[in-house]
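# Secondary and tertiary structure notes
Below, each chain spelled out in residue letters.
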Amino acid sequence: MFTTTELAQVLFVTTLQPSDELSPFRIREAVDERLCACGGDPSWCAAFVAQEAGDHPEAYARRMRWALDAVAGAYEPAAV
């Protein structure tokens, strides 16, 4: 089982955008697809997120907050 932070890091590196109309299903689907592409290892995503935080700190915080909120909503028991 992955933590909310790990799932948010995976979502962060998907092509989904905060402006997209996203259902919990679509968020979980995108996270699953990205995890499969990374061989099930969320540390690859964490490394990319860290690079983005250094390269684009002004956008990083906003996108990570969105990813954390989106994952929390998509993976809460009522949304599954």
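You'll find the structure just up there.
Keep in mind the model is a prediction, meaning the values are calculated, not measured.

## Some remarks on the packing of aromatic side chains
- Summed over the entire model, instances satisfying the criterion amount to 2 aromatic pairs.
- With a centroid separation of 5.8 Å and 50 degrees between ring planes, the pair formed by Phe-12 and Tyr-60 is classed as tilted. On the criterion of sequence distance, the pair formed by Phe-12 in helix H1 (residues 4-12) and Tyr-60 in helix H4 (residues 57-75) is long-range, its members being 48 residues apart.
- Between Trp-44 and Phe-48, the ring centres sit 6.2 Å apart and the planes meet at 5 degrees, which makes this aromatic pair stacked. With Trp-44 and Phe-48 both in helix H3 (residues 42-55) and 4 residues apart, the pair spans about one turn of that helix.

## Describing helix H2 (residues 24-37)
- Look at H2: 20 Å from first C-alpha to last across 14 residues, which is about the 20 Å you get at 1.5 Å a residue.
- Where H2 is concerned, the buried positions are Ile-27, Arg-28, Ala-30, Val-31 and Leu-35. The buried residues of H2 occupy an angular sector of 160 degrees when projected down its axis, which confines them to one face. The exposed set on the far side of H2, more than 90 degrees from its buried face, consists of Phe-25, Cys-36 and Ala-37.
- Turning to H2, the residues buried within the fold contact H1, H3 and H4.
- Immediately beyond the C-terminal end of H2, within one or two residues, lies Gly-39, with a positive phi of roughly 70 degrees.

Quick notes on the rules
- Residues numbered from 1 in each chain as written.
- Predicted model: local features only at pLDDT ≥ 70, side-chain atom pairs only at ≥ 80, totals over all residues.
- Heavy atoms only, no water.
- Phe/Tyr/Trp six-rings, centres within 6.5 Å; stacked < 30°, edge-to-face > 60°.
- Helix = DSSP H or I, 4+ residues; strand = E, 2+ residues; numbered from the N terminus.
- Expected span 1.5 Å × (residues − 1).
- Buried < 20%, exposed > 50% of the residue type's maximum accessible area, 1.4 Å probe, protein only.
- Arc of directions from axis to C-beta.
- Contact = heavy atoms within 4.5 Å.

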